[in-house]
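Reading the structure
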Protein chains: 4
Amino acid sequence: MSHVRERFRRVLARSTCTLAANIFDPLSAHIAHLLEYEVCVLSGSVGKVATLAAPDVVLSNMSDVVEHCRRITRIADVSLMVDAEDGFGNAVNVIRTVKELEAAGVAAIEIEDNVVPRQFGVAHPGLVSTAEQVGKLRAAVAARTDPTTVIVARTSALAECPLEEVLERIRAYAATGAEALMLVGMTRGRADLEAVQQATSLPLCVLNPPADVRNDAPFLAAHGVRLLMLGNPTFAVAVKAIYDSLKHLKEGGALEALHDRQASRDLLQAVNRTDEFMQQQREYMPHTPS
Amino acid sequence: MSHVRERFRRVLARSTCTLAANIFDPLSAHIAHLLEYEVCVLSGSVGKVATLAAPDVVLSNMSDVVEHCRRITRIADVSLMVDAEDGFGNAVNVIRTVKELEAAGVAAIEIEDNVVPRQFGVAHPGLVSTAEQVGKLRAAVAARTDPTTVIVARTSALAECPLEEVLERIRAYAATGAEALMLVGMTRGRADLEAVQQATSLPLCVLNPPADVRNDAPFLAAHGVRLLMLGNPTFAVAVKAIYDSLKHLKEGGALEALHDRQASRDLLQAVNRTDEFMQQQREYMPHTPS
Amino acid sequence: MSHVRERFRRVLARSTCTLAANIFDPLSAHIAHLLEYEVCVLSGSVGKVATLAAPDVVLSNMSDVVEHCRRITRIADVSLMVDAEDGFGNAVNVIRTVKELEAAGVAAIEIEDNVVPRQFGVAHPGLVSTAEQVGKLRAAVAARTDPTTVIVARTSALAECPLEEVLERIRAYAATGAEALMLVGMTRGRADLEAVQQATSLPLCVLNPPADVRNDAPFLAAHGVRLLMLGNPTFAVAVKAIYDSLKHLKEGGALEALHDRQASRDLLQAVNRTDEFMQQQREYMPHTPS
Amino acid sequence: MSHVRERFRRVLARSTCTLAANIFDPLSAHIAHLLEYEVCVLSGSVGKVATLAAPDVVLSNMSDVVEHCRRITRIADVSLMVDAEDGFGNAVNVIRTVKELEAAGVAAIEIEDNVVPRQFGVAHPGLVSTAEQVGKLRAAVAARTDPTTVIVARTSALAECPLEEVLERIRAYAATGAEALMLVGMTRGRADLEAVQQATSLPLCVLNPPADVRNDAPFLAAHGVRLLMLGNPTFAVAVKAIYDSLKHLKEGGALEALHDRQASRDLLQAVNRTDEFMQQQREYMPHTPS
């Protein structure tokens, strides 16, 4: 499995910023691989919709995410970073989470510092204490069977705390053995990245930065950002495509009218790996029809 | 579970032909449900691509299909007809297949009469003997725990046999307790349906009939066709949408340019059932923030 | 599936007390069925050891339990009552839990009123508020797809509260639509049952009552106890048998010396259902060797 | 994962014969690990009973076995050798089988040369052609992601062929890259091992040899046998223990009478890893109660 982890580490080690593919299921991950994305990210929000048709509330559990990752890595040779929420419980739960996600073949695991609220719709549930989060990150680092798995300290502190506390948290997280820092909720734009860089030399992953930051590749690279995530546009595009085509047919629309919106035969055969299977058959089965 | 089986039976019992949604995963099934399709069909070919990235060869097994169905019925309240291939083995295997698919909540199970070839790329592997297929269909019928589950005798005989033998097979299949007949490989168009109707009064399901037949709803209805399947255009549309959007971003395209191709916020909230979960919270959790 | 739920309800409706089989995996459930136990109970503690080798701490999640139940009901035609802990979260999580356990074929679902502690080894974490527990039980009752599934209100109140509060809680739980009450931590022996009976006419399930109460069948029956659970002796017996036989062989002991401790050929064939499969083959496969 | 594969290879590389633990589920594997068995073997026959309550007929599929292995390796840090039957289909299926079993963490995979009969109860279905089996073994070797995974060529040739053909098959299998040879159906006792050793220097695994051979450790070691399997006594012991204790209670026997047959508290706490979890909590959770 480790070539996927080595590829992930190469992305972090590089001095430029790489765009991640935001995928949501095995098929989209496999397509991202065909397009030679080096990193795929499975976010909690679209993971929950694709498997549970549920909003981003506390409904999914560790096993939902593990199973989803396992189904993805089974068919897509991708370096997968997965949103493991708060680790699904306390530090002891984090240990199980890391072991199971690792066995499912992921390359990197995000553990976040948000309080998981007992109720949905709580706007700012706040952050767990630094001490608790540090314990969870240390547990995650120690739980790895493969030392090349990357533990990513994900923090919402930029949206929840004064900058001083943000930087204290980041320094504490960086001392746990976590090897990347993920920033969500950047509210100050460039200033956030400039400040964070004072506190840590860890490679940064940023989710949905403001458009002016997002499009400034040199700035991102110069401020330690190694992985850029753009939310989940691919999921929203897929939903619309499925909805529109099913609606068209339901309303009596002609099948032919969908022709141009469908993948070509070549693309479909790339997606189902026809060549690879036929090659296997020729190689290993006597008397294969040619 | 039985309301989904009752709905499936209502479609078969009606004197008109109903269009099925060809779905390929939980998400597409859930969207079909939002669009009020009465029947969803999971075909083997797209099932294999979505879960295994494999062509329609003998690579998937019973448990792959059962798991896929379970994940679909868990979130989508659909009447699901599933392609159970040859039942995944002999008549004893068929019994396990039916019991597990039933437990996974499907409404109808197709068992086909093709020989499953030992090698891929075999163009016409032929049909199993009528005696063997009859045994398998009888086993399937007897294996049901819920008598409202529908066993569908799927036959490729129209593409493989002289019409005389086709009709003999259909009569034999109809005597097993199977409650619908599925026709694939219609090569004679209208003549096929006219002949089949001489041999059986079972409701018919037809896959990919020629365009002139497909579009003649009164003819289909008059000749016993109760369920029409149009291949897998939705899958091909989804693949293209995912591929194109990931390619656009990979090549440096602007995120904004995807805006019009994405599902609206309303559609996304319908898909993730926001209202349903918020209503559950208000109903059952004291002190829910309003 | 509903014959297993009807059998469970017959046990509750009877005027006598029935002994449940405490099972821990598919094999032990199947053996209990061969012995004609009417009810099998899967407790959280042995479930966790059998699947996760973990103590009875908050390590397992909903999907662990659902998968375990599904594997049990797949092979054992038992009326299964399952310990669903606190429902695995808030009332909205309870809804998912009930739907998934129902789809897994269980007959009855226990929802308990303990606080789930953030840390292990907390001796008396206390009980959730009555209002919260009532919401969860109401959600569980409403979430059922099959109205014959039984929701069991499990309470540790006897071990945690003054008797007055115990009875108030029981009255509140009984008004939710839960159809049985499960008592754990009976500390006052007969007095507990006498008091509870004042508060509710729901059928009672009791776990590990004191020996003098446990062995007094007329008393149990007269005080509404319909289901008696004796902890998990079968699990402990199985662990010792496995351990001792593996140790014997590891230390060079003779295979022959294990002979008398092994199941007979007849019992093994009952357990693997040889007759049933051979009968299926004769019935549905032409030309079966006799 | 690779420490389990290295341990398996150490056993093969040693000049003595090691006894394998025949385990049947996660619990028995975990107990074998506590007893410091170096290798655990999951045979097809008991695997099918434990998960499917089915005889050793062609009812289980690849996913059944993969899931069983995954559940075992999740909790038991064992070097697992698994009976992968005929690889579950042709050479292309073998590729999927090896990839999924490897992802499930097994150390060694047996691929056998029996024809899988279409019907049950076929006494001597014979062997597949040498060319086909060689193709399957070559495919298995090439399919590995981790080169330390061991492919074991399992053969029933000793029970099915003249010795000359046996040796030809063994030579052909040994040339595929398979790294161990497993012999079942030894009918000639010592003579079989003496002959096989002429044909190959691969380490041998033998199942159920005659008692006089089984107990002659120096002979086994001198003839290349590195792994000895004694059938499934532990499974049969567990079945009897479960059956007897459930029967005792069902017939009104006293709970106390089972006392001496139950695992001690210490053994139960070793099985549920109490110390390990408590240690994790102390290490990673602030303010853990001491």
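All of these numbers come straight from a predicted model, not from anything done at the bench.

Definitions and limits used
Residues numbered from 1 in each chain as written. Chains lettered and ligands numbered in written order. Predicted model: local features only at pLDDT ≥ 70, side-chain atom pairs only at ≥ 80, totals over all residues. Heavy atoms only, no water. Least-squares fit on C-alpha atoms with pLDDT ≥ 70 in both. Contact = heavy atoms within 4.5 Å. Disulfide = S-S within 2.5 Å. Buried < 20%, exposed > 50% of the residue type's maximum accessible area, 1.4 Å probe, protein only. Buried area = accessible area lost by both parts, 1.4 Å probe. Salt bridge = Lys/Arg side-chain N within 4 Å of Asp/Glu carboxyl O. Helix = DSSP H or I, 4+ residues; strand = E, 2+ residues; numbered from the N terminus. Polar contact = N/O pair within 3.5 Å; in protein donor to acceptor, adjacent residues only side chain to side chain. Pairing = 2+ DSSP bridges. Axes fitted to C-alpha atoms, helices over the stretch in contact; angles between N-to-C directions. pLDDT = per-residue confidence, 0-100. Phe/Tyr/Trp six-rings, centres within 6.5 Å; stacked < 30°, edge-to-face > 60°. Lys NZ or Arg CZ within 6 Å of the ring centre and 35° of its normal.

A look at the relation of the copies chain C and chain D
Its rotation angle being 180°, the transformation that places chain C on chain D also includes 0.0 Å of axial translation and leaves an RMSD of 0.0 Å. On this basis, the relationship between the two copies can be described by a two-fold rotation axis. Taking the C-alpha atom as reference, chain C places Ala-238 of chain C closest to the rotation axis, 2.8 Å from it. Both copies share a contact surface, since 100% of the interface residues of chain C are interface residues in chain D too.

Some words on the state of the cysteines
All names here are of chain A. By the definition in use, this model includes zero disulfides over all chains. Cys-205 supplies the cysteine sulfur nearest to Cys-17, a cysteine that is in no disulfide, at a spacing of 9.1 Å. The class of Cys-17 is partly exposed, set by a relative accessible area of 23%.

Re the interface of chain B and chain A
The partner chain A presents 70 residues to the 70 residues of chain B that form the contact. Buried surface at the junction of chain B and chain A, summed over both partners, amounts to about 6,500 Å²; 70% is from carbon and sulfur atoms. Ranking the residues of chain B by area buried against chain A places Leu-35, Ile-242 and Leu-246 of chain B at the top, with a combined share of 10%. At the junction of chain B with chain A, the criterion picks out four salt bridges.

Re the pattern of salt bridges
Working definition: two side chains of opposite charge can pair if their charged atoms are close together. Tallied over the entire structure, the rule returns 84 salt bridges over all chains. A salt bridge links Arg-74 of chain B to Asp-64 of chain A; its shortest N-O distance comes to 3.9 Å. Placement of Arg-74 of chain B in helix 4 (residues 62-75) and of Asp-64 of chain A in helix 4 (residues 62-75) is noted, with the two residues assigned to different chains. For Arg-74 of chain B, a relative accessible area of 30% gives the class partly exposed. Since its relative accessible area comes to 7%, Asp-64 of chain A is described here as buried. In this structure, Arg-190 of chain D engages Asp-216 of chain D in a salt bridge whose closest nitrogen and oxygen atoms are separated by 2.9 Å. Residue Arg-190 of chain D is located in helix 9 (residues 190-199), and its partner Asp-216 of chain D is located in the loop between helix 10 (211-214) and helix 11 (217-222); the two are separated by 26 residues in the primary sequence. Judged by relative accessible area, Arg-190 of chain D falls into the partly exposed class, the value being 27%.

Describing the side chain of Thr-97 of chain D
Examined against the element boundaries, Thr-97 of chain D turns out to sit in helix 5 (residues 91-103). A polar contact is formed between the side chain of Thr-97 of chain D and the backbone oxygen of Gly-87 of chain D, at a distance of 2.8 Å.

A few points about the sheet that holds strand 1 (residues 18-19) of chain C
All names here are of chain C. Read across the open sheet, the nine strands follow the order 1-9-8-7-6-5-4-3-2; overall the sheet is parallel. Two strands bound the open sheet, and with one partner strand each, they are strand 1 and strand 2 (21-23). Bridge analysis of strand 1 against strand 9 (residues 225-229) gives two bridges, and the strand direction is parallel. Looking at the pairing, Thr-18 lines up with Leu-227 of strand 9. Here helix 2 (residues 26-34) sits on the sheet in contact with strand 2 and strand 3 (40-42), set at roughly 160° to strand 2.

Side note on the confidence of the model for chain A
Per-residue confidence for chain A gives a mean pLDDT of 94, with 99% of residues at or over 70. In the model output, the complex is listed with pTM 0.96 alongside ipTM 0.96.

Focus: the relation of the copies chain B and chain A
Under the fitted operation, chain B is carried onto chain A by 0.0 Å of movement along the axis and a turn of 180°, and the coordinates agree to an RMSD of 0.0 Å. When the interface residues of chain B are mapped onto chain A, 100% of them again fall at the interface, so both copies present the same face.

Topic: the packing of aromatic side chains
Enumeration according to the criterion identifies four aromatic pairs over all chains in this entry. Taking the centre distance of 5.0 Å and the plane angle of 75° together, the rings of Phe-24 of chain C and Phe-235 of chain C count as edge-to-face. Highlighted residues: Phe-24 of chain C in the loop between strand 2 and helix 2 and Phe-235 of chain C in helix 12 (residues 233-250), separated in sequence by 211 residues. Overall, the relative accessible area of 3% leaves Phe-24 of chain C in the buried class. A cation over a ring is seen here: Lys-250 of chain B above Tyr-37 of chain A, with NZ or CZ 5.7 Å from the ring centre. Above the ring of Phe-219 of chain C, the side-chain terminus of Arg-190 of chain C is found at 4.7 Å from the ring centroid.

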